[in-house]
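Chains, contacts and geometry: an overview
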Amino acid sequence: MSETNKLVATVRTEFGKGAARRARRDGLVPVVLYGHGTEPQHFTVVARDFATILRKDGTNAVLNLDIDGKEQLALTKQVVVHPLRNYIEHTDLLVIKKGEKVTVSVYVIIEGEPIGGAQASLELNEIEIEADALNIPENVVVNVHNLEPGTQITAGELKLPAGVTVLTDPEALVINITEIASAASEDEAEAEAAEAAE
């Protein structure tokens with residue numbers, strides 16, 4: 001467990017929009033912690049420290065909460081960001097235990113270039129996976145180097161780290177390698193379409 005992901009969680013005693021606004025004005029983020037059959041618990045954490053962790057670990061960050069001197073592992077489940085002002089309005093955290101498997105969504109990233117005259121298009125930006133709570137990959141990288149047009153990569157064909165299982169439909173198309181239509185062939189297609197119309 002990373003010491004850098006340690007956050008002091010202060011129990012919230014005030015609720016409602018006014019209380020949440022005051023907390024944010026003081027540089028705090030309202031947090032709800034739930035899971036494992038426990039009653040939801042309401043806290044605040046320091047916004048700047050939390051934002052630093054999210055920048056470093058992404059939206060599936062595992063936190064080591066210090067609640068009145070007691071440690072509690074938590075997974076970032078939902079982060080609500082203000083659409084205009086770009087500050088964190090609220091976050092939901094999920095109670096986790098060491099060795100536990102969790103279900104999360106991770107981004108797919110394309111690396112490399114397909115064979116000349118081909119392009120790789122991402123048909124699915126995110127996939128759902130099951131992974132150890134303390135070993136969640138930040139993303140799934142797919143190398144398309146020298147792949148030929150007509151190549152298709154489905155969710156079931158993705159290479160995942162050991163212990164990670166894909167939950168997205170294995171047949172779902174993730175990456176499609178197609179030929180780049182040249183300007184000449186586009187002109188020809190337009191000419192053919194015009195002829196057909198006449």
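Each remark here, short or long, concerns the structure printed above.
Every value quoted in this text rests on a predicted model; they were computed, and no experiment measured them.

**Observations concerning the sheet that holds strand β12 (residues 165-166)**
- Strand order across the open sheet formed by 4 strands is β10-β7-β9-β12, with mixed pairing between neighbours. Each having just a single partner strand, β10 (139-143) and β12 make up the two edges of the open sheet.
- Sheet topology places strand β7 (residues 101-111) next to β10; 5 bridges connect them, and they run parallel. Bridging across to β10, Ile 109 finds its partner in Val 141.

**Some thoughts on the layout of surface pockets**
- Of the pockets and cavities examined, the largest pocket occupies roughly 620 Å³.
- Its boundaries defined by the atoms lining it, the second largest pocket holds a volume of some 200 Å³.
- For the second largest pocket, the full set of lining residues is Arg 24, Gly 27, Leu 28, Val 29, Ala 47, Arg 48, Ala 51, Val 81, Asn 86, Tyr 87 and Ile 88.
- For the lining of the second largest pocket, the secondary-structure elements that each account for two or more residues are β2 (28-35) and α2 (47-57).
- Broken down by element, the residue count for the lining of the second largest pocket peaks at 3 residues, all from α2.
- The residue makeup of the lining of the second largest pocket, split by class, is 7 nonpolar, 2 polar and 2 charged.

**Focus: a nonpolar patch on the surface**
- A surface patch of nonpolar side chains, about 270 Å² in accessible area, is lined by Tyr 107, Ile 109 and Val 141.
- Along the chain, Val 141 falls in strand β10.
- By relative accessible area, which is 43% here, Val 141 ends up partly exposed.

**Considering the pairing of strand β9 (residues 126-132)**
- With 7 bridges joining them, β7 and β9 adopt antiparallel strand pairing. Within the sheet, the bridge partner assigned to Val 104 lies in β9 and is Ile 129.

**Concerning the pattern of salt bridges**
- Inspection of the entire model under this criterion finds 2 salt bridges.
- A salt bridge links Asp 57 to Lys 56; its shortest N-O distance comes to 3.1 Å.
- By relative accessible area, Asp 57 is classed as partly exposed at 24%.
- Classification of Lys 56 as partly exposed rests on a relative accessible area of 42%.

**A word on the side chain of Asn 176**
- Relative to the elements of secondary structure, Asn 176 occurs in strand β13 (residues 173-179).
- Under the relative-accessibility criterion, Asn 176 is labelled buried at 14%.
- Within the structure, the side chain of Asn 176 is placed 3.3 Å from the side chain of Gln 152, a separation counted as a polar contact.
- Beyond its immediate chain neighbours, meaning those up to four positions away, Asn 176 contacts Gln 119, Ala 120, Ser 121, Glu 123, Thr 151 and Gln 152.

Cut-offs used in this document
- Residues numbered from 1 in each chain as written.
- Predicted model: local features only at pLDDT ≥ 70, side-chain atom pairs only at ≥ 80, totals over all residues.
- Heavy atoms only, no water.
- Pairing = 2+ DSSP bridges.
- Helix = DSSP H or I, 4+ residues; strand = E, 2+ residues; numbered from the N terminus.
- 1 Å grid on protein atoms, 1.4 Å probe; cavity = no way out; pocket = protein on both sides within 12 Å on 5 of 7 lines; lining within 4 Å.
- Points joined across faces, edges and corners; volume = space filled by probe spheres on them.
- Nonpolar A, V, L, I, M, F, W, Y, C, P; charged D, E, K, R; others polar.
- Patch = residues over 30% accessible without salt bridge, like charges linked within 9 Å, V, L, I, M, F, W, Y side chains within 5 Å.
- Areas by Shrake-Rupley, 256 points an atom, 1.4 Å probe, with all protein chains shown as cover.
- Salt bridge = Lys/Arg side-chain N within 4 Å of Asp/Glu carboxyl O.
- Buried < 20%, exposed > 50% of the residue type's maximum accessible area, 1.4 Å probe, protein only.
- Polar contact = N/O pair within 3.5 Å; in protein donor to acceptor, adjacent residues only side chain to side chain.
- Contact = heavy atoms within 4.5 Å.

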